[in-house]
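Examination of the molecular architecture
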2 protein chains.
Amino acid sequence: MAANEQRQRAMKRLEADGIEQAIFANPLSVRWLTGLDVPGGSAENPALLWYDRGDFTLLVESSFAAQAASFGAQKGCAVRDYLGYTIQQPIDRPRFLAKALAEVADSSLEETDVIGVETQSLSMHLWWAVRHLLPGGYDLTPIDGWLEPLRALKTAEEIATIREGFRLTDIGHSAGRNAVQAGAREIDVWTAVQSAVEQAAGKRMTLGNDCIVGHRPTNNIGGPPGDIVIRPDDSFILDLSVIHNGYWTDSCATYYAGEPTAQQVTLHKFVEEALAYAISLVKPGAVAKEIDHKVRDFMARGGYKVYPHHTGHGIGLTGHEAARIVPYNEEIIQPGMVLMLEPGIYFPGVTSVRLEDGMLVTETGVEVLSGHDKSLP
Amino acid sequence: MAANEQRQRAMKRLEADGIEQAIFANPLSVRWLTGLDVPGGSAENPALLWYDRGDFTLLVESSFAAQAASFGAQKGCAVRDYLGYTIQQPIDRPRFLAKALAEVADSSLEETDVIGVETQSLSMHLWWAVRHLLPGGYDLTPIDGWLEPLRALKTAEEIATIREGFRLTDIGHSAGRNAVQAGAREIDVWTAVQSAVEQAAGKRMTLGNDCIVGHRPTNNIGGPPGDIVIRPDDSFILDLSVIHNGYWTDSCATYYAGEPTAQQVTLHKFVEEALAYAISLVKPGAVAKEIDHKVRDFMARGGYKVYPHHTGHGIGLTGHEAARIVPYNEEIIQPGMVLMLEPGIYFPGVTSVRLEDGMLVTETGVEVLSGHDKSLP
């Protein structure tokens, strides 16, 4: 991905605050501004993005330099790699990265008035590598979280990536729906889902979230799959994210080991209605917390205990991000957001039902992106 | 795991340098000193360990507080949790952690002479939360990497965990050996391996490493599985790590799609000899780099191009750690180390063979921990 639009947005934001140099250290920021799915941001493989008056330099471990070359070939972009794996000396990525950062920053730092830094992600060690190069009297502006609202509006490239992720997610759900059988275990459902997704993708994929029987005694809302056997009258929550090229999807369906009980049918139909209602509320100009309140009201009016989690959330480089559909959030829904909605009803020890769709906000409403079968059997 | 021995070793190391307070921010340090497999150390779920004259306080996100309670119940240990997921206000883990750290550190910091900090892992933001509480004239000692040599000698608890990991690794290899068939793809082998391990464990497991056909044209040493079809005369490298309760295993076998060719048989037998020779060199008092030199010499004397990677390495909380069996390393092999050895021969575009075992260094030699079948078919 070219990610040019992302860099334009970031530049505008920095310029508005008079920031001429900046260090992006949050791996999500680096990912978003470069378009590269380079593993990074960990102590093992740190990657940084240096900003200097409209130009971006990616500092990346040498084994990813080839992958990063497409970034460096773009206007205003450069790549500086540092030594990673070697058998000739101790591996010391933080030290080599610090040296690279100091070299890249050196010439421009002496004129710095205001430097922006993602202080929650940059280590003390890396900061010390540049701090002594700065002139007296410079200002440091923490820019943590600045990109998050910019990330909420997806570019056309990002939407295409997310669409492909949902295609793989749907494949996982088909496999999960088939695998939910009395006598099988939660983990057996999970391996069926993961195998189906990876075989379709032709590569390893990182997947999330919940894969649990409805009869779990205390928390039957979510959790990773365990060695728990599916009972004949069980409901089963499969809440599935696929991370494709760095971008998350999300989705939830409730499956049944056999013929659903009368109670399960009632709950399932009600949650279907709640989800349809929630989707109908999403359009440009709607306020996140108002959608949240209305869906919670819908559950309560149906006579159900209201779910303790969010009504929905944005997705992108993380599984939960802006715009959160939660009680306090006054954010306005805008075209280009990709949002999830996920009402559920939970009777611990008995059964639980949750359904979730993902959608792109359009000029007039939404386009649902998730295509998994959420219907009763 | 109690991890009491780990804390004793760390305390001794800190006291030797006159350090009375310390902040452990590297997730591996936190893991090792607490024995807890708490997800942490990322921007998403940061965990820290505060040290004050023999006492340890774990700062952990609230959803992991229950899991951490066993740590807090030990002598000289405490847990302080901070707010993670909430729907009542924005999620802001770094801010809440900074507040918790300042509160925990506050009373003892005013008497600090020397504070030790893992500066490569602690963010500027978290450092600022305590810096202003320190008295004038204090010294800061970076303690990055201090625990690494201490981690090389495994405790009885750690060895038991690693043994269980190897049991699961062996199960993965059995599945992989069966799945290597002409016409199947690399990714199909991988899903068979991953499913077998997860079904045996009854839970999700994080697995590593290489799962590739020998005919890959440029790098046929390693890489993640792809959409590449196994040919009838292919060799296949399955280099498998299983991370069990935070601890890595490692292992490699070479499998064959059909009857191995004469060349493959020759290579395989030679690598078997090289591995057996390498294992025979590992004993207390041996020098890492001398083992490395001798095994490389063995390959060269056989007339083969010497592999470009390490001869071996330690495992533990990471897949590659001390003692590295590489050309420069003067470390002395000691009882309690868990080491891997992995000679290989690579003909890009044609075939590749690598075999790897894991072993515990004993008083007299080694006990091999990996039990996978590395024999020719």
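In this text the structure is predicted, and so the values were computed from the model without any measurement.

1. Points about the sheet that holds strand S17 (residues 366–368) of chain A
All names here are of chain A. Pairing in this open sheet of five strands is antiparallel, and the strands run S12-S11-S13-S16-S17 from one edge to the other. The open sheet terminates on both sides in strands that have one partner only, identified here as strand S12 (321–325) and S17. Taken over all neighbouring pairs, the strand axes of this sheet differ in orientation by 25° on average, direction set aside. Both strand S11 (residues 312–314) and strand S13 (residues 338–341) contribute to a ladder of three bridges, which runs antiparallel. Bridging from a neighbouring strand, His313 pairs with Met340 of S13.

2. Thoughts on the interface of chain B and chain A
Accessible area lost when the parts come together is the quantity often used to give the size of an interface. Residue-level contacts link 35 residues of chain B with 35 residues of chain A. Those elements that place two or more of their residues in the side of chain B that touches chain A are helix H5 (124–131) and helix H8 (186–201) of chain B. Looking at which element gives the most residues to the side of chain B that touches chain A, the answer is H8(B), with eight residues. Counted by class, the side of chain B that touches chain A contains 14 nonpolar, 16 polar and five charged residues.

3. Looking at the pairing of strand S5 (residues 114–117) of chain A
All names here are of chain A. Taken together, the three bridges between strand S1 (residues 21–24) and S5 define a ladder with parallel strand orientation. Its bridge partner being in S5, Ile23 is matched across the sheet by Val117. Bridge count between S5 and strand S6 (residues 139–142): four bridges; the pairing is parallel. Pairing of Val114 across the sheet is with Asp139, part of S6. Handedness of the S5-helix H5 (residues 124–131)-S6 crossover: right-handed.

4. Thoughts on the sheet that holds strand S16 (residues 357–361) of chain B
Residues and elements named next belong to chain B. In spatial order, the strands read S12-S11-S13-S16-S17; together these five strands make up an open sheet with antiparallel pairing. The open sheet has two edge strands with one neighbour each: strand S12 (321–325) and strand S17 (366–368). Ignoring strand direction, the axes of neighbouring strands in this sheet form an average angle of 25°. Relative to S17, S16 runs antiparallel, the two being bridged by three bridges. The partner of Met359 across the bridge, within S17, is Val368.

5. Thoughts on the pairing of strand S4 (residues 77–82) of chain B
The two faces of a sheet get side chains in turn, since along a regular strand they alternate between them. Residue and element names in this part refer to chain B. Two elements, strand S3 (residues 55–61) and S4, share six bridges in a ladder whose sense is parallel. The residue bridging Phe56 from the neighbouring strand is Cys77, located in S4. In this region the chain leaves S3, passes through helix H3 (residues 65–72) and returns to the parallel neighbour S4; the handedness of that crossover is right-handed.

6. A short note on the nonpolar core
Judged by nonpolar contacts, the single largest core of 220 residues is most densely connected at A:Leu48, A:Leu101, B:Leu48 and B:Leu101. In this view, A:Leu101 contacts A:Leu48, A:Trp50, A:Leu59, A:Leu126, A:Ala129 and A:Val130; residues no more than four positions away in its chain are not counted.

7. Here we look at H5(A)
Within H5(A), six of the eight residues are buried, which leaves it mostly tucked inside the rest of the structure. Those residues of H5(A) not exposed but buried are A:Met124, A:His125, A:Leu126, A:Trp127, A:Ala129 and A:Val130. In this fold, the buried residues of H5(A) make contact with helix H4 (93–109) of chain A together with strand S5 (114–117) and H5 of chain B.

8. Things to note about unusual backbone geometry
The general pattern is negative phi for most residues beyond glycine and trans for most peptide bonds. All names here are of chain A. Here the bond from Ala322 into Ala323 is cis, since omega is 0°, no more than 30 degrees from zero. Along the chain, the position of Ala323 falls in strand S12. For Arg53, which is not glycine, the phi dihedral falls at a positive 45°. By secondary structure assignment, the location of Arg53 is in the loop between strand S2 (48–52) and strand S3 (55–61). Classification of Arg53 by C-beta neighbours within 10 Å gives partly exposed; the count is 14.

Reading the values: the criteria
Residues numbered from 1 in each chain as written. Chains lettered and ligands numbered in written order. Predicted model: local features only at pLDDT ≥ 70, side-chain atom pairs only at ≥ 80, totals over all residues. Pairing = 2+ DSSP bridges. Helix = DSSP H or I, 4+ residues; strand = E, 2+ residues; numbered from the N terminus. Axes fitted to C-alpha atoms, helices over the stretch in contact; angles between N-to-C directions. Contact = placed C-beta atoms within 7 Å. Nonpolar A, V, L, I, M, F, W, Y, C, P; charged D, E, K, R; others polar. Right-handed = clockwise from strand over helix to strand, strands pointing away. Core = buried A, V, L, I, M, F, W, Y, C linked by C-beta atoms within 7 Å. Buried ≥ 20, exposed ≤ 12 C-beta atoms within 10 Å, placed from the backbone.

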